[in-house]
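Per-entry structural report
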Amino acid sequence: NNTMFAAKKVELTNEDYFSASATSSASLSSYNIRINQLAKNDLVMSDTVNSDTLSGFTAGTYTFRVASGDFDKNINIELSGTENLKEMMELVAEAINDASEGVVTASVFSPTSDQSKLSLVASESGETNSITIEDVSGSLLDTIGINLTDRTLLSGSNGGYSYSLEELNSEITLNGVNIVRDSNVIDDLINGVTLQLKQAMEVGVPTVNVTVKNNIKSFQADVEDFIKKFNDSYLQIKDNYKTSEDGKRGVFVGNTSAISLMQNLGNMVSTKVEDIEDGNLSYLSEIGISFNPGKGLAITDNSKLEEALSTCLLYTSPSPRDRTRSRMPSSA
């Protein structure tokens, strides 16, 4: 059964810039990767305004549009006509939070004790989740400098976006090919491998080599688990099929079925495995596992076991050419 030898691991020559994990579907392979830019969550802010200044809007309903990713909605707020700018911003933030259900998070903060600023942050990173915010009915947003019909960047106390659209995506180079994604978690680039980006690499930092290997330690752990379960069963019978020195009668005394099972278990792990061609490994002792009738199974030669597992993996692990999907940056 080849599936028992399917576990994979990923080794990196430098783990400072990203981590990587592999599923059993990953192919044995090697790649060179550079992290050029991390993905960011879009951030947009209003002008810095005097908190106590009256908004100047009359009582009524005002509508604005907020969009990010699949979320796109016109949002209404009701003004009484008595709000100052901070109070108006707080109403806008509350309406956005209620309508977007976490897709966009809005808040009001105070750069100084008498100033206020409205901030919006996208919950997901990348260009496809960039924020759109604009007036639909009335000029409420325009008054506080956040009616952004184009990609105006923040400047001093004026409202705008913190990043250009190009800065929102993650950018990496894999084997010389430029890759762009919305997220810092990339699981659709190398089959069966997930990359978790940590930080961008400065010029001069050597490219990181990524190698997908068979996880021998995982297989050895399965062998150790089998040995434990075997010994639990075997010794349970062995320790209870006779009367102990202090006169305690074992639960399997006189139970011929239990004694027969114990003997069969011992024979099973100490004799040659049937239907294996001559010249191949056919005894557990040949792969470093020994059987002692008094103690059960034990790994007595780790080097033999690791060599045997490596041989099994060599003949059971396919290594087809991995197909990668990429798209060039918009600037390419």
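**Some remarks on the overall build of the protein chain**
- When helices and strands are counted, the protein chain shows 5 helices and 18 strands.
- Within the protein chain, the fraction of its 332 residues that count as buried is 38%.
- A gap of 12 Å separates the mean positions of the 26 positive and 45 negative side-chain charges of the protein chain.

**Looking at the sheet that holds strand E3 (residues 29-37)**
- Spatial strand order, E1-E16-E3-E12-E13: 5 strands in an open sheet with antiparallel pairing. In this open sheet, the two edge strands, each paired with only one partner strand, are strand E1 (8-12) and strand E13 (177-181). When the angles between neighbouring strand axes are averaged without regard to direction, this sheet yields 30°.
- In terms of strand pairing, strand E12 (residues 170-174) meets E13 through 5 bridges, oriented antiparallel. Bridge pairing in E13 links Leu174 to Val177.

**Quick notes on a negative patch on the surface**
- On the surface, Asp52, Glu87, Glu90 and Asp114 cluster together to form a negatively charged patch.
- Structurally, the position occupied by Glu90 is in helix H1 (residues 85-100).

**What to know about the packing of aromatic side chains**
- One pass over the structure, following the stated rule, counts 5 aromatic pairs.
- On the basis of an interplanar angle of 80° and a centroid distance of 5.4 Å, the ring pair of Tyr234 and Phe291 is categorised as edge-to-face. Placement of Tyr234 in helix H3 (residues 216-238) and of Phe291 in strand E17 (residues 289-292) is noted, with a sequence separation of 57 residues between them.
- Taking the relative accessible area as the measure of exposure, Tyr234 reaches 5% and is therefore buried.
- Each member of the aromatic cluster is reached from another via a ring pair, and the members are Phe226, Phe230, Tyr234 and Phe291.
- When the ring centre of Tyr163 is taken as origin, the NZ or CZ atom of Lys40, which lies over that ring, is 5.8 Å away.
- The cationic tip of Arg151 hangs over the ring face of Tyr161; the distance from NZ or CZ to the ring centre is 3.7 Å.

**Brief notes about the confidence of the model for the protein chain**
- For the protein chain, the mean per-residue pLDDT works out to 88, and 91% of the residues sit at or above 70.
- This model gives residues 318-332 a pLDDT under 50, and the stretch forms 27 contacts once residues within four places in sequence are excluded.

**Comments concerning the environment of Thr271**
- Mapping Thr271 onto the fold places it in the loop between helix H4 (256-270) and E17.
- When its relative accessible area of 40% is taken as the criterion, Thr271 is described as partly exposed.
- Residues Thr271 and Ser282, spaced 11 residues apart in sequence, show a C-alpha to C-alpha distance of 8.6 Å.
- A distance of 2.6 Å separates the side chain of Thr271 from the backbone oxygen of Asn267, its partner in a polar contact.

Reading the values: rules and limits
- Throughout, residues of each chain are indexed from 1 in the direction in which the sequence is written.
- In keeping with the model being predicted, local features are shown solely for residues with a pLDDT of at least 70 and side-chain atom pairs are shown and tallied solely at 80 or more, while totals for entire chains, interfaces and linings include all residues.
- As a rule here, side-chain values cover all heavy atoms of the structure and leave hydrogens and water aside.
- Numbering goes from the N terminus for both helices and strands, where a helix is a DSSP run of H or I of at least four residues and a strand is a run of E of at least two.
- Relative accessibility thresholds used throughout: buried, under 20% of the residue-type maximum; exposed, over 50%; partly exposed, between the two (1.4 Å probe, protein chains only).
- Residues scored as positive are Lys and Arg, those scored as negative are Asp and Glu, and His as well as the terminal groups of each chain are ignored.
- We put the charge of a Lys on NZ, of an Arg on CZ, of an Asp on CG and of a Glu on CD.
- At least two DSSP bridges between two strands are required for those strands to pair.
- The convention used is that axes are lines fitted to C-alpha atoms, helices contributing only their stretch in contact, and that angles between N-to-C directions extend from 0 to 180 degrees.
- What goes into a patch is any residue over 30% in relative accessible area without a salt bridge, connected to like charges within 9 Å or, for nonpolar side chains (Val, Leu, Ile, Met, Phe, Trp, Tyr), within 5 Å.
- Accessible surface area values rest on a Shrake-Rupley calculation with a 1.4 Å probe, where residue burial reflects the displayed protein chains alone.
- A pair is scored as a salt bridge if a Lys or Arg side-chain nitrogen falls within 4 Å of a carboxyl oxygen belonging to Asp or Glu.
- Here a Phe, Tyr or Trp ring, Trp counted by its six-membered ring, pairs with any other such ring whose centre lies within 6.5 Å, and the pair is stacked when the planes are under 30 degrees apart, edge-to-face when over 60, and tilted otherwise.
- In this analysis the charged atom, NZ for Lys or CZ for Arg, is taken to sit over a ring once it is within 6 Å of the ring centre and within 35 degrees of the ring normal.
- The predictor attaches a confidence to each residue, and that confidence, scored 0 to 100, is pLDDT.
- Residue contacts follow a heavy-atom distance rule, with two residues in contact if any of their heavy atoms lie within 4.5 Å.
- Between N or O atoms, a polar contact is any pair within 3.5 Å; within protein, one atom must be a potential hydrogen donor and the other a potential acceptor, and residues adjacent in sequence are included only when both atoms are from side chains.

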